[in-house]
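A structural walkthrough
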Amino acid sequence: MSSNAEEVNASVPPSGTGCADCLAGDGPGWWLHLRRCAACGHVGCCDNSPSQHATAHAEGSGHPVIQSFEPGEDWFYDYRTGDSLNGPRLAPPDSHPSDQPVPGPAGAVPSDWHDHLN
Ligand SMILES: [Zn+2]
Ligand SMILES: [Zn+2]
């Protein structure tokens with residue numbers, strides 16, 4: 001991977017186990033999948049989620065590279081090129097807890113959640 005250290009910082013741990021913005025009360029408060037900013041560790045929700053916080057973070061911060069924060073997934077994605085790519089092993093944990101439901105978090109997902117995906 002050719003990204004520089006400002007785009008991918010393998011020493012920064014993730015911000016938490018869920019979308020930082022959903023958990024802070026921005027939007028309906030639940031997500032489908034999680035994405036982690038490779039530069040600062042911000043955990044945000046994917047573009048299928050109601051609030052699309054991962055993309056909002058990338059646009060707002062200028063951090064262009066994310067990694068999936070889903071268990072068993074290690075792909076990176078570069079917003080500038082639209083390409084998936086490989087990258088270094090980031091500071092653990094490298095996913096949300098495997099017992100955290102998808103969509104999540106537990107207790108915040110409406111029964112008609114499928115109708116609210118983007
Ligand atoms: Zn979110
Ligand atoms: Zn970031």
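To keep things clear, this report deals only with the structure shown in the data block. The shown structure was predicted, so the numbers you read here are calculated from the model rather than taken from an experiment. (Residues numbered from 1 in each chain as written. Chains lettered and ligands numbered in written order. Predicted model: local features only at pLDDT ≥ 70, side-chain atom pairs only at ≥ 80, totals over all residues. Heavy atoms only, no water.)

Details of the coordination of the zinc ion (ligand 1)
Every protein donor of the zinc ion (ligand 1) is accounted for by Cys19 (SG), Cys22 (SG), Cys45 (SG) and His53 (ND1), and the metal-donor separations fall at 2.0 to 2.3 Å. When the donors of the zinc ion (ligand 1) are listed by position in the chain, the intervening gaps give C-x2-C-x22-C-x7-H. Of this pair, Cys19 sits in the segment before helix H1 (20–23) while His53 sits in helix H2 (residues 53–61); the two residues are 34 residues apart in sequence, bridging distant segments of the chain. (Donors = N, O, S within 2.8 Å, 3.2 Å for Na, K, Ca; no water. Helix = DSSP H or I, 4+ residues; strand = E, 2+ residues; numbered from the N terminus.)

With respect to the sheet that holds strand S3 (residues 65–68)
Read across the open sheet, the 5 strands follow the order S2-S1-S3-S4-S5; overall the sheet is antiparallel. The open sheet terminates on both sides in strands that have one partner only, identified here as strand S2 (43–45) and strand S5 (83–85). The average undirected angle you get between the axes of adjacent strands in this sheet is 35°. The pairing of strand S1 (residues 34–37) with S3 spans 3 bridges and is classified as antiparallel. Across the sheet, Cys37 pairs through a bridge with Ile66, a residue of S3. Each of S1 and S2 touches H2; the most contacted strand, S2, lies at about 125° to it. (Pairing = 2+ DSSP bridges. Axes fitted to C-alpha atoms, helices over the stretch in contact; angles between N-to-C directions. Contact = heavy atoms within 4.5 Å.)

Describing the pattern of salt bridges
This model, assessed by the stated rule, comprises 3 salt bridges. Note that Arg80 is salt-bridged to Glu7, the shortest N-O span being 2.8 Å. Here Arg80, found in the loop between strand S4 (76–78) and S5, pairs with Glu7, found in the segment before H1; they are 73 residues apart in sequence, far enough to count as distant. Taking relative accessible area as the criterion, Glu7 reaches 14% and is therefore assigned buried. (Salt bridge = Lys/Arg side-chain N within 4 Å of Asp/Glu carboxyl O. Buried < 20%, exposed > 50% of the residue type's maximum accessible area, 1.4 Å probe, protein only.)

A few points about the coordination of the zinc ion (ligand 2)
Looking at the zinc ion (ligand 2), the protein donor atoms are Cys37 (SG), Cys40 (SG), His57 (NE2) and His63 (ND1), and they sit 2.0 to 2.3 Å from it. Geometry at the zinc ion (ligand 2) is tetrahedral, judged from the 4 donor atoms that bind it and their angles of 102 to 113° at the metal. For the zinc ion (ligand 2), all donor residues lie on one chain, and their spacing in sequence is C-x2-C-x16-H-x5-H. Among the residues examined, His57 registers a relative accessible area of 17% and is labelled buried. (Tetrahedral: all angles 85-135°; square planar, octahedral: opposite > 155°, others 65-115°.)

Focus on the pairing of S1
Every regular strand shows the same layout, with side chains that alternate between the two sheet faces. By the alternation rule, side chains of S1 split into Leu34 and Arg36 and Arg35 and Cys37, which are all buried. Of the strand pairs in this sheet, S1 and S2 are connected by 3 bridges, and their pairing is antiparallel. Note on S2: the bridge partner recorded for Arg36 is Val43. Remark: 5 residues form the turn of the hairpin made by S1 and S2, two consecutive strands paired antiparallel; Gly41 in that turn has positive phi of roughly 90°.

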